[in-house]
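In case you want the letters, here they are:
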Amino acid sequence: MEIAEVFSLVEKQLSSVNEELGFSKEKNSETSITFSGEKGAYRVVFDGSNNTMAFDCAYNYDGGEECFKTVSRSLFDAETYNDRDAKSLANEIEDEINSLFKKKKKVDLDKVKMPKAVSRTKAKNGVISYDTDSLANRFGTLYPETKNAIKANIAKYDEFLPETFFAEVGTPKVLDIIANGTETERKKLFKMLNEVYEDGTNEVQDIIGVTILGEMKNDKAMMEVADKYMSDYMSGPVHEINKITAKKNGLTKKLANPPAYKPKKKKTNFMDSALQSQNINN
């Protein structure tokens, strides 16, 4: 496929986003095509020295070459390059353009609804299990100052991502209470965690066990505090998890990214398998 054909296809596929963001073709040559507008400029450049297509952008564009910075590169082999490759290139460029130049509307967090919690009665009776939305709701109720962070998480990802929220906001809050909180604060925290863990899905158990309490990393003082308030049902797994998270190895990385929740295996979760595997190996 000729370079000019690639540029032509890319220009055609990017016409909508160019119109939306106010970009128009400024110039093109045998090896590059450039688009500019009020927001800046971007270009696609063929580099014959290494047979790549580079995507460059500039926020403060004055027509000079030095304004551009390379954002990404992809291989270009004229003998094998086809329409599908060119469309893939255009899709990647469109994603980059939207990420770099498209202003995101400011979200009114007051209009973002908190995740809904499962009924305590239904969870206790086994009708339905607590999920990560329930954990977020209960956490936000216990710590109202974190509600905006929960809503911001939802607004950013169009759903609640528990790993991200707790790694950034929730877990530091929990660790601070374990390390520095009053007895009343610790009791309230663990009452909630014990309840959600015991009647929760595999996914929510992994979040509590690994993402939250696993971050104690077997610290002696913190574990002593946790032992005063953890239920027997949660205590065993949390202790085994902390023995693992205290070590820097491949399994620790796996624990940080547990597999998706599988409803048919309610109480046989990733942590059980990981711990059983460790025991066998030991």
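The shown structure was predicted, so the numbers you read here are calculated from the model rather than taken from an experiment.

Peer 1: Quick one: what's the story with the packing of helix α7 (residues 162-180) against helix α9 (residues 202-212), residue by residue and with numbers?
Peer 2: With their axes 10 Å apart at the nearest point, α7 and α9 run at an angle of 50° to one another. As summarised for this structure, α7 and α9 are arranged oblique, according to the angle between their axes. At the point where α7 passes α9, the crossing takes the right-handed sense. Residue-level contacts link P162, E163, F166, A167, T171, V174 and L175 of α7 to E203, I207, T211 and I212 of α9. Of the residues that constitute the contact of α7 with α9, the class distribution is seven nonpolar, two polar and two charged.

Peer 1: Tell me about a negative patch on the surface, and please be specific about residues and values.
Peer 2: A cluster of acidic residues, E2, E5, D83 and D85, forms a negative patch at the surface. When you line up the elements, D85 lands in helix α3 (residues 83-101). Using a relative accessible area of 30% as the deciding quantity, one classes D85 as partly exposed.

Peer 1: Just give me the short version of the environment of K187, but keep the residues and values in it.
Peer 2: Residue position: K187 is located in helix α8 (residues 183-198). Owing to a relative accessible area of 47%, K187 belongs among the partly exposed residues under this scheme. Residues K187 and M230, spaced 43 residues apart in sequence, show a C-alpha to C-alpha distance of 9.2 Å.

Peer 1: Give a detailed account of the pattern of salt bridges, specifying residues and quantitative values.
Peer 2: A full pass over the atoms with the stated rule returns nine salt bridges. Across the salt bridge formed by D47 and R73, the nearest N and O atoms sit 4.0 Å from each other. Here the residue D47 occupies a position in strand β3 (residues 40-47), and R73 occupies one in strand β5 (residues 69-75), the gap between them amounting to 26 residues. The salt bridge involving K187 is made with E183; its shortest N-O contact spans 3.5 Å. One end of the pair is K187 and the other is E183, both in helix α8 and four residues apart, which spans about a single turn.

Peer 1: Tell me what's going on with the nonpolar core, and back it up with residues and numbers.
Peer 2: For soluble globular proteins, nonpolar side chains are generally found buried alongside one another. In this structure, L135, I178, F190, I208, L213, M216 and M234 are the most contacted members of the largest nonpolar core, which totals 38 residues. Broken down by secondary-structure element, the contributors of at least two residues to this core are α5 (132-142), α6 (147-157), α7, α8, α9, α10 (220-229) and α11 (232-245). Setting aside chain neighbours within four positions, we find M216 in contact with L175, I178, M222, M223, A226, V238 and N242. Formed by 26 residues, the second largest nonpolar core is a distinct cluster that contains I3, V44, M53 and A86.

Peer 1: Describe the confidence of the model for the protein, listing the residues and the values that go with them.
Peer 2: The predicted coordinates should not be examined in detail at positions where pLDDT is low. Per-residue confidence for the protein gives a mean pLDDT of 86; residues scoring 70 or more make up 86%. Low pLDDT (under 50) marks residues 250-275, which in the prediction has 47 contacts with non-local residues, meaning those over four places away or in another chain. pLDDT under 50 marks residues 277-282. Its contacts with residues more than four places away, or in other chains, come to three contacts.

Peer 1: How would you explain the pairing of β3 if you had to name every residue and give the values?
Peer 2: Among the eight residues in β3, seven count as buried, and that is most of the element. Here strand β2 (residues 32-37) pairs with β3 via six bridges, running antiparallel. Within β3, the residue paired with S36 across the bridge is A41. Counted along the chain from β2 to the antiparallel partner β3, the turn is two residues long. In this structure, β3 lies alongside strand β4 (residues 52-58), joined through seven bridges in antiparallel fashion. Directly across from Y42, in β4, lies its bridge partner C57. Between β3 and β4, which pair antiparallel one after the other, the connecting turn spans four residues, and N51 there sits at a positive phi close to 50°.

The rules behind the values
- Residue numbering note: each chain is counted from 1, following its sequence as written.
- Given that this is a predicted model, residues contribute local features only at a pLDDT of at least 70 and side-chain atom pairs are listed and counted only at 80 or more, while totals for whole chains, interfaces and linings are drawn from all residues.
- As a rule here, side-chain values cover all heavy atoms of the structure and leave hydrogens and water aside.
- Geometry is summarised by axes, namely lines fitted to C-alpha atoms with helices restricted to the contacting stretch, and by angles between N-to-C directions that run from 0 to 180 degrees.
- Each helix corresponds to a stretch of at least 4 residues labelled H or I by DSSP, and each strand to a stretch of at least 2 residues labelled E; elements are numbered beginning at the N terminus.
- Oblique is the label for any angle not under 35 degrees, not over 145, and not in the 65 to 115 range, which are roughly parallel, roughly antiparallel and roughly perpendicular in turn.
- Helix crossings fall into two classes, left-handed where the near helix is turned counterclockwise from the far one by less than a right angle and right-handed where it is turned clockwise.
- Residue contacts follow a heavy-atom distance rule, with two residues in contact if any of their heavy atoms lie within 4.5 Å.
- For this classification, the nonpolar set comprises Ala, Val, Leu, Ile, Met, Phe, Trp, Tyr, Cys and Pro, the charged set comprises Asp, Glu, Lys and Arg, and every other residue, Gly included, is treated as polar.
- Without a salt bridge and with relative accessible area above 30%, a residue can belong to a patch; like charges are then joined within 9 Å and nonpolar side chains (Val, Leu, Ile, Met, Phe, Trp, Tyr) within 5 Å.
- The Shrake-Rupley method, run with a 1.4 Å probe sphere, supplies the accessible areas, and residue values consider only the shown protein chains as cover.
- Just to be clear on terms, a salt bridge is a Lys or Arg side-chain nitrogen sitting within 4 Å of an Asp or Glu carboxyl oxygen.
- Asp and Glu count as negative and Lys and Arg as positive, but His and the ends of the chain are not part of the count.
- For the purpose of locating charges, the reference atoms are NZ of Lys, CZ of Arg, CG of Asp and CD of Glu.
- Between buried and exposed lies partly exposed: a residue is buried under 20% and exposed over 50% of the maximum accessible area for its type, with that area taken using a 1.4 Å probe on protein chains only.
- Residues enter a nonpolar core if they are buried and are Ala, Val, Leu, Ile, Met, Phe, Trp, Tyr or Cys, with the set joined through side-chain atoms within 4.5 Å.
- The predictor reports its confidence for every residue as pLDDT, a score running from 0 up to 100.
- Each pair of strands is called paired provided DSSP finds at least two bridges between the two strands.

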